[in-house]
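Now for the letters of each chain:
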Amino acid sequence: MSADATTGGAVTAPGRAAEKVGEGRGRPGLASRLAASTTGGVLRIFLLVVALFWLLPTVGLLLSSLRSPTDITASGWWKVFTSPSQLTFTNYHTLLSNSAITDSLWNTVLITVPATLLVVVIGSLGGYAFAWMDFPGRDWWFMGVVALLVVPVQVALVPVAKLFGDLGIFGDITGVVLFHTAFGLPFAIFLLRNFFAEIPRELLEAARLDGAGELRLFVRVVMPLGGPAIASLGIFQFLWVWNDMLVALIFTNSDSQPITVALQQQVRQFGNNIDILAPGAFVSMVIPLAVFFAFQRQFVSGVMAGAVK
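Residues numbered from 1 in each chain as written. Predicted model: local features only at pLDDT ≥ 70, side-chain atom pairs only at ≥ 80, totals over all residues. Heavy atoms only, no water.

**Focus: the nonpolar core**
Counted only if it meets this: Note on terminology: a nonpolar core comprises buried Ala, Val, Leu, Ile, Met, Phe, Trp, Tyr and Cys residues joined through side-chain atoms within 4.5 Å. Only protein chains enter the accessibility calculation, which uses a 1.4 Å probe; a residue is then buried when its area is under 20% of its type maximum, exposed when over 50%, and partly exposed in between. Counting from the N terminus, the helices are the DSSP runs of H or I reaching at least four residues and the strands are the DSSP runs of E reaching at least two. Residue contacts follow a heavy-atom distance rule, with two residues in contact if any of their heavy atoms lie within 4.5 Å.
Counting 20 residues, the largest nonpolar core has Tyr-128, Trp-132, Phe-196, Leu-204 and Val-222 as its most contacted members. Mapped by element, the contributors of at least two residues to this core are helix 6 (99–132), helix 9 (173–196), helix 10 (201–209), helix 11 (214–225) and helix 12 (227–242). The leading source of residues in this core is helix 6, at five residues. In contact with Val-222, not counting residues within four places along its chain, are Tyr-128, Phe-196, Ile-199, Leu-204 and Leu-217.

If you want it as structure tokens, here you go:
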């Protein structure tokens, strides 16, 4: 009887200790409770505050572009909340009446759109070739493309300028487009090759058995599957070319300069010409933002595609 009791006590004591340990392990600590509390409304409020903070300069620029030069000089842009009568579209009327700004905005479109399309099309073809086509030295050629990623733009400015001068396209929009296309292709091929390589081989073999050639296979199978990655590449290239000033400042002249150079010229020539600078800067900034938000879903899908696979 006593042995049983002793045995039972020996068994139950560790059992109770284990239960206490289990309860201790099950009770969340301070760090766990803080992490759990940030996954709900608190985190959303924090992210909303951060987003509003990052949008504050854009809002300030917009409100400044809707004020007269006198009001801008006299007070900050936040005064419009107490004096809404300061808001006017006169600055935008002045902007659209400035031929230098409107021509430069059109030049920006003529530079950005072809440079983006060429990089997307050629990069897609190159990425497919490196991913699924066999040719001599394929891996070595791809390593060369990867090596070009580390070449800074500044290294090529002088030799390319001399080359464009010999070809007769220095100062022309064509030269700027070719420069942006050449420096955008290494990243494009590297990105799309890695994405296209994740496509199941069986799917491509099935299309080949149905009689599809390489071009038809690329257009009908690879391009639709690679849509998110191609959209992400297009957004990156568009934003980079649209916001570029270094290349445009060197390779363009007064007839082919984009909006970034035109605004810089306005600062140099008319330091207090705020009625041109404020709306011009906002227009130059809002177009890339509109493009990004329009293709935001494709951009996120392209960024997350590699992680999901």
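Back to the text.
**Considerations on helix 15 (residues 274–294)**
Rules: Multiply 1.5 Å by the residue count of a helix minus one, and that product is the helix's expected span.
An ideal rise of 1.5 Å per residue puts 30 Å on 21 residues; helix 15 measures up with 30 Å between its terminal C-alpha atoms. Buried within helix 15 we find Asp-275, Ile-276, Leu-277, Ala-278, Pro-279, Gly-280, Phe-282, Val-283, Ser-284 and Pro-288.

**Notes on the pattern of salt bridges**
In plain terms, the rule: Throughout this description, the term salt bridge denotes a Lys or Arg side-chain nitrogen within 4 Å of a carboxyl oxygen of Asp or Glu.
One pass over the structure, following the stated rule, counts three salt bridges. In this structure, the salt-bridge partner of Asp-134 is Arg-138, at a minimum N-O distance of 3.4 Å. The exposure class of Asp-134 is exposed, given its relative accessible area of 71%. Across the salt bridge formed by Asp-139 and Arg-138, the nearest N and O atoms sit 3.8 Å from each other.

**Topic: helix 8 (residues 153–167)**
Basically, it comes down to this: Bend at a given residue is defined as the angle between two axes, one fitted to the seven residues that end at that position and one fitted to the seven that begin there.
Its 15 residues place the ends of helix 8 20 Å apart at the C-alpha level, agreeing with the 21 Å of an ideal helix rising 1.5 Å per residue. The axis of helix 8 is deflected most strongly, by about 35 degrees, at Pro-159. Among all positions of helix 8, only Val-153, Ala-156, Leu-157, Val-160, Ala-161 and Phe-164 are buried. Against helix 9, helix 12 and helix 13 (246–251) lie the buried residues of helix 8.

**Quick notes on the environment of Leu-66**
Within the secondary structure, Leu-66 sits in the loop between helix 3 (41–65) and helix 4 (69–74). C-alpha of Leu-66 to C-alpha of Leu-87: the two residues are 21 residues apart in sequence and 5.1 Å apart in space. The residues touching Leu-66, leaving out its near neighbours within four places in the chain, are Gln-86, Leu-87, Thr-88, Phe-89, Asn-91 and Tyr-92.

**Some points on the side chain of Ser-64**
Keep this limit in mind: Any N or O atom pair separated by 3.5 Å or less is treated as a polar contact, with the protein-specific requirement of one donor-capable and one acceptor-capable atom, and with residues adjacent in sequence counted only for side-chain atom pairs.
Assignment of secondary structure puts Ser-64 in helix 3. At 2.8 Å, the side chain of Ser-64 forms a polar contact with the backbone oxygen of Gly-60. Contacts of Ser-64, omitting those with residues within four sequence positions, involve Ile-72, Trp-77, Asn-91 and Ala-278.

**Overview of the packing of helix 6 against helix 9**
We count it as follows: Between N-to-C directions, angles span 0 to 180 degrees; the directions come from axes that are lines fitted to C-alpha atoms, helices contributing only their stretch in contact. Should the near helix be turned anticlockwise from the far one by less than a right angle, the crossing is left-handed, and should it be turned clockwise, the crossing is right-handed. All residues other than Ala, Val, Leu, Ile, Met, Phe, Trp, Tyr, Cys, Pro, Asp, Glu, Lys and Arg, Gly among them, are scored as polar; the first ten of these are nonpolar and the last four charged.
Following both chains from N to C, one finds helix 6 and helix 9 inclined at 35 degrees, their axes separated by 6 Å at the closest point. Considering how the two elements wind past one another, helix 6 and helix 9 form a crossing that is right-handed. Residues belonging to the contact of helix 6 with helix 9 are distributed by class as follows: 20 nonpolar, eight polar and one charged.

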